[in-house]
Amino acid sequence: MNLVVLGATGSIGSQTLEIARRRGHRVVGVSAYHAGDRLWRVVDEFRPEVYAFQEGDDRPGVGRRVDGPDALRELALWPGADAVVVAVNGFDGLTPMLAAIAAGRRVAAATKESIIAGGDLLRGAVAGGLLLPVDSEHAAAFQLLLRRRPEEVRRLIITTSGGALRDWPIDRLPAARPQDALRHPNWSMGQLVTINSATLMNKGIEVLEAHVLFGMPLEAIDVWIHPTQIVHALVETCDGALYASLARPDMMLPIEQALVHPDLPQEALRPLEPEDLGDLTFRRPDPLRYPSLRLCREVGTIGGTMPAVLCAANEVAVAAFLADVLPFTEIIPVVETVLEAHEPQSAPDLAALQASDRWARAAAENALRRRTGR
Ligand SMILES: NC(=O)c1ccc[n+]([C@@H]2O[C@H](COP(=O)([O-])OP(=O)(O)OC[C@H]3O[C@@H](n4cnc5c(N)ncnc54)[C@H](OP(=O)(O)O)[C@@H]3O)[C@@H](O)[C@H]2O)c1
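What you see is a predicted model, and the numbers here were worked out from it, not measured in a lab. All residue numbers here refer to positions counted from 1 along the written sequence of the relevant chain. Only residues with pLDDT of 70 or above have their local features reported here, since the model is predicted, and side-chain atom pairs are shown and tallied only from 80 upward, although totals for entire chains, interfaces and linings are computed over all residues.

Colleague: Talk me through the nonpolar core; I want residue IDs and the actual numbers.
Modeller: Where a protein is soluble and globular, its nonpolar side chains tend to be buried together. Working definition: the nonpolar core is a set of buried Ala, Val, Leu, Ile, Met, Phe, Trp, Tyr and Cys residues, joined through C-beta atoms within 7 Å. Exposed residues have 12 or fewer other C-beta atoms within 10 Å of their own C-beta, buried residues have 20 or more, and partly exposed residues fall in between, where C-beta atoms are placed from the backbone. By size, the foremost hydrophobic cluster in this structure holds 120 residues, and its most contacted members are Val-107, Ala-313, Ala-317 and Ala-364. Put simply, DSSP marks the helices as runs of H or I at least four residues long and the strands as runs of E at least two long, and each gets a number from the N terminus on. Ranked by residues supplied to this core, first place goes to helix α13 (residues 306-322) with 12 residues. Contacts here follow a simple rule: the backbone-placed C-beta atoms of the two residues must lie within 7 Å. For Ala-317, the residues in contact, after removing those within four places along its chain, are Leu-326, Ile-331, Val-334, Val-335 and Ala-364.

Colleague: Kindly report on unusual backbone geometry, identifying the contributing residues and their values.
Modeller: Going from His-261 to Pro-262, the amide bond is cis rather than trans, its omega being 10 degrees. Examined against the element boundaries, Pro-262 turns out to sit in the loop between α11 (252-260) and α12 (292-302). Positive phi, normally seen in glycine, also occurs at Arg-147, with a value near 65 degrees. Topologically, Arg-147 is positioned in the loop between α7 (136-145) and β8 (153-160). For Arg-147, a count of 7 C-beta atoms within 10 Å translates into the label exposed. The backbone of Ala-347 shows a phi angle near 45 degrees, a positive value even though the residue is not glycine.

Colleague: So what's going on with the sheet that holds strand β9 (residues 221-225)? Which residues, and what values?
Modeller: DSSP bridges decide pairing: two strands pair if at least two such bridges lie between them. Taken in spatial order, the four strands make up an open sheet running β9-β8-β10-β11, and their pairing is mixed. In this open sheet, the two edge strands, each paired with only one partner strand, are β9 and β11 (242-246). Along the sheet, successive strands turn relative to each other by an average axial angle of 20 degrees, direction set aside. Direction of pairing for β8 relative to strand β10 (residues 231-237): antiparallel, over a ladder of five bridges. Residue pairing for β10: Ile-158 is matched across the bridge by Ala-233. α7 contacts β8, β10 and β11 of the sheet and is inclined by roughly 35 degrees relative to β10. Angles run from 0 to 180 degrees between N-to-C directions of axes, and those axes are lines fitted to C-alpha atoms, restricted for helices to the stretch in contact.

Colleague: Give me the lowdown on the site of the ligand, citing residues and values where you can.
Modeller: In the region of the ligand, 28 residues are neighbours, and Gly-7, Gly-10, Ala-110, Met-189 and Gly-190 sit closest. Elements that contribute at least two residues to the shell around the ligand include exactly α1 (11-23) and α5 (112-118). If one sorts the elements of the shell around the ligand by residue count, α1 sits on top with three residues. Throughout this entry, Asp, Glu, Lys and Arg are counted as charged residues, while Ala, Val, Leu, Ile, Met, Phe, Trp, Tyr, Cys and Pro are counted as nonpolar. The remaining residues, Gly among them, count as polar. Its residues placed into classes, the shell around the ligand shows 11 nonpolar, 12 polar and five charged. If you count residues domain by domain, the shell around the ligand takes at least three from each of domain 1 (2-133) and domain 2 (135-249 + 269-287). We call a residue near a molecule or strand when its C-beta atom, built from the backbone, sits within 6 Å of it. As used throughout, domain bounds are those supplied by an automatic or database domain assignment.

Colleague: Any chance you could break down the domain arrangement of the protein for me, citing the residues and the numbers?
Modeller: Accessible area lost during the coming together of the parts is what is often quoted as the interface size. One can read the domain layout of the protein as domain 1 (2-133), domain 2 (135-249 + 269-287) and domain 3 (303-374). On the domain 2 side, the residues contacting the 13 residues of domain 1 number 14 residues. Counting residues per element, the side of domain 1 that touches domain 2 draws most heavily on α5, which supplies four residues. The residue makeup of the side of domain 1 that touches domain 2, split by class, is six nonpolar, four polar and three charged.

Colleague: Pulling in residues and values, what's your account of the environment of Glu-151?
Modeller: By the secondary structure assignment, Glu-151 is in the loop between α7 and β8. Residue classification places Glu-151 among the exposed residues on the basis of 7 C-beta atoms within 10 Å. For Glu-151 and Cys-238, which are 87 residues apart along the polypeptide, the C-alpha to C-alpha distance reads 7.7 Å.

Here it is, written out as structure tokens:
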């Protein structure tokens, strides 16, 4: 299989490259944000036909570089690619996703912010089998929902570890520093998604992601804290039964499943034995500790440009927290301020979504200046 990997130097990108090594896939295109050692190591090893980056200096003689605002789109349309793995952060994954899908190409999509921002523009692709989720909960839900008629499914439950600060007393949260919130109990991931796990914004975004991918009403999608994250998703059927998907918390499985669907990958993970399951405990998230869940549901109910604004504002606020200029408990209030100031547009096209993304980043910077006095 010939792969294009967007975000090849990141957490999902590196695991995709590991799958390419194991399975003998050819990597024909890669991208990163920065030109640097990590990118050049990938280029040296995989010798892609094409590569792209946004910042830094080129190193001629190692393949063809494409650049400019259309670079990711060009990679997604690279001739001969069988599948495009989209694992960049944020909104920039949407254009290549749409381009690849329009060209009839399989997209293994990790970039959940782009999925929820793209919403209506992507729904047809899911139904057409071209957009496959690379998120452990959604890959699990996708398998559980296969061959189920919508009227048979009453509820989807996705699980969360509760993030790095799950067991902190609420009144200590304002003092949480980046190094505290980056200590995820189960997964090693990029910084943005790890902080989003601590605020549970990641799970709120995933509720919206499931709404787009599976066409289920928001009120039929539930979130439970399940500290060990062995159970990734549960589906309740109309007869009252609950079906669960259990696997080791390891992204190799959802990535491989997305690449080979409708087949299942052989031995993507070491199987679980019943004694590996330990205590399977679940509890509902406390809405006071995790206001992001309520906010995401409100955003999903309005729809239109709101999900794009949510993700862009959140990215700016998380970057400020990581730079130690915004307290942890101010991340969600900054996002909420931006959402309140936004005049949502319904049924947006790509240009309207891009404009909303730019607007939200500027509005979030303003909100930050007002809060931090910088
Ligand atoms: N990590 C996980 O286990 C996991 C699980 C499910 C879903 N996801 C989702 O997958 C996406 C990637 O997550 P990650 O953890 O792999 O992130 P990551 O480790 O931060 O990697 C992001 C990758 O994208 C590149 N990149 C970032 N912003 C970009 C931009 N604007 N344009 C082009 N390239 C850009 C980065 O390049 P540089 O290295 O040069 O910065 C890097 O290669 C996120 O949407 C995340 O929510 C991740």
